[in-house]
Amino acid sequence: MTEPASALAEVYDNIAKAAKIARREPSQIELVAISKTHPAEAIAPLIEAGQRVFGENRVQEAQAKWPALQEAHEGLSLHLVGQLQSNKAEDAVRLFDCIHSLDRPSLVSALAKAFDKAGRQVPCFVQVDIGEEAQKGGCPIADVPALLAEARAAGIPVMGLMCVPPFGVEPSPYFALLAKMAADNGLDKLSMGMSGDYETAVMLGATHVRVGSALFGARG
Ligand SMILES: *Cc1c(COP(=O)(O)O)cnc(C)c1O
């Protein structure tokens, strides 16, 4: 196996092991390979190894990289995991198949408009500021029910909740809180877990893990 292929196999294996401990089906967990900062040449080997779901955190970077890859390979799914500016909503809706960073009322209206213009709807996660770190983006915990109500009223397909816990502390309590908030709000998808903590996230109910450096190596 090539190096990227073996890294991919190892991550899937770790997901399967964590799922087994939690009595979950590994097929319920989607691995989103986060390719931000990595060029198309680094992404292609993962596609060749069978990976189909990828994530980027910047609209412009994704616009430069992905159309050619999508042209060359069938069945790719591209997720946006970074903060989205309202004036980029239409570009995002045209390029991405899922948005993990819906975090404010102004973006609800921008996305609703963008869906209209682009003639397509894209499933979204509401990003929660789970560690109360405003600079990371995410909706304040107390405002989540109201934001969900606004999104639903605007016809946005909200699948679940997403979070990025504070760096360098035990993530489990944050994952557990996100899972509880999702259940309380009738949502069954959870986007949580990155290279350092995706197994923990899987054990606590993640349906989408966002893994970058464990697949691609450290970012330059
Ligand atoms: C970069 C990024 C990831 C992946 O992080 P790694 O630690 O490289 O796995 C996941 N989620 C978001 C929102 C990111 O920006």
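Positions within a chain are numbered from 1, following the residues in the order the chain's sequence is written. A pLDDT threshold of at least 70 governs which residues receive local features in this predicted model, and a stricter bar of 80 or more applies before side-chain atom pairs are shown or counted, although totals over entire chains, interfaces and linings include all residues. No hydrogens and no water enter the side-chain calculation; it runs on all heavy atoms of the structure.

A. Broad picture of the nonpolar core. In this text, buried Ala, Val, Leu, Ile, Met, Phe, Trp, Tyr and Cys residues form a nonpolar core when linked through side-chain atoms within 4.5 Å. Each residue is assigned to one of three classes by its accessible area relative to the maximum for its type, calculated with a 1.4 Å probe on protein chains only: buried under 20%, partly exposed between the two thresholds, exposed over 50%. Phe54, Trp66, Leu102 and Leu111 are the most contacted members of the largest nonpolar core, which has 64 residues in total. Where helices and strands are cited, they refer to DSSP runs of H or I of at least four residues and of E of at least two residues respectively, numbered from the N terminus. With 7 residues, the single largest contributor to this core is helix α5 (residues 105-118). What makes two residues a contact is simply this: any of their non-hydrogen atoms within 4.5 Å. Contact partners of tryptophan 66, with chain neighbours within four places excluded, come to Ser35, Ile43, Ile47, Phe54, Glu56, Leu76, Leu78 and Leu95.

B. Fine view of the pairing of strand β6 (residues 158-163). Across the 6 residues that make up β6, a large majority, 5, are buried. Inspection of the sheet shows strand β5 (residues 124-128) paired to β6 by 5 bridges, in the parallel sense. Pairing of cysteine 124 across the sheet is with valine 158, part of β6. Handedness is read with the strands pointing away from the viewer; a crossover is right-handed when the path from the first strand over the helix to the second is clockwise. The β-α-β motif built from β5, the intervening helix α6 (residues 144-153) and the parallel element β6 has right-handed crossover chirality. Summarising the sheet, β6 and strand β7 (residues 189-191) pair through 3 bridges and their orientation is parallel. Each bridged residue has a counterpart across the sheet, and for glycine 160 the counterpart in β7 is lysine 189. Crossover β6 to β7 through helix α7 (residues 172-184) is right-handed. Only when DSSP finds a minimum of two bridges between them are two strands counted as paired.

C. Representation of α7 in the model. Expected helix span is given by 1.5 Å per residue-to-residue step, counting one fewer step than there are residues. In a regular helix each residue adds 1.5 Å, so 13 residues correspond to 18 Å; α7 covers 18 Å between its end C-alpha atoms and thus fits that length. Of the positions making up α7, those classed as buried are Phe175, Leu178, Ala179, Met181 and Ala182. For α7, the angular spread of buried residues about the axis comes to 160°, placing them on one side. In α7, the exposed positions angled more than 90 degrees off the buried face are occupied by Pro173, Lys180, Ala183 and Asp184. The inward-facing, buried residues of α7 abut β5, α6, β6, β7 and α8 (198-203). The positive-phi residue at the C-terminal boundary of α7 is glycine 186, with phi of around 70°. It is the directions from the helix axis to the C-beta atoms that the arc portrays.

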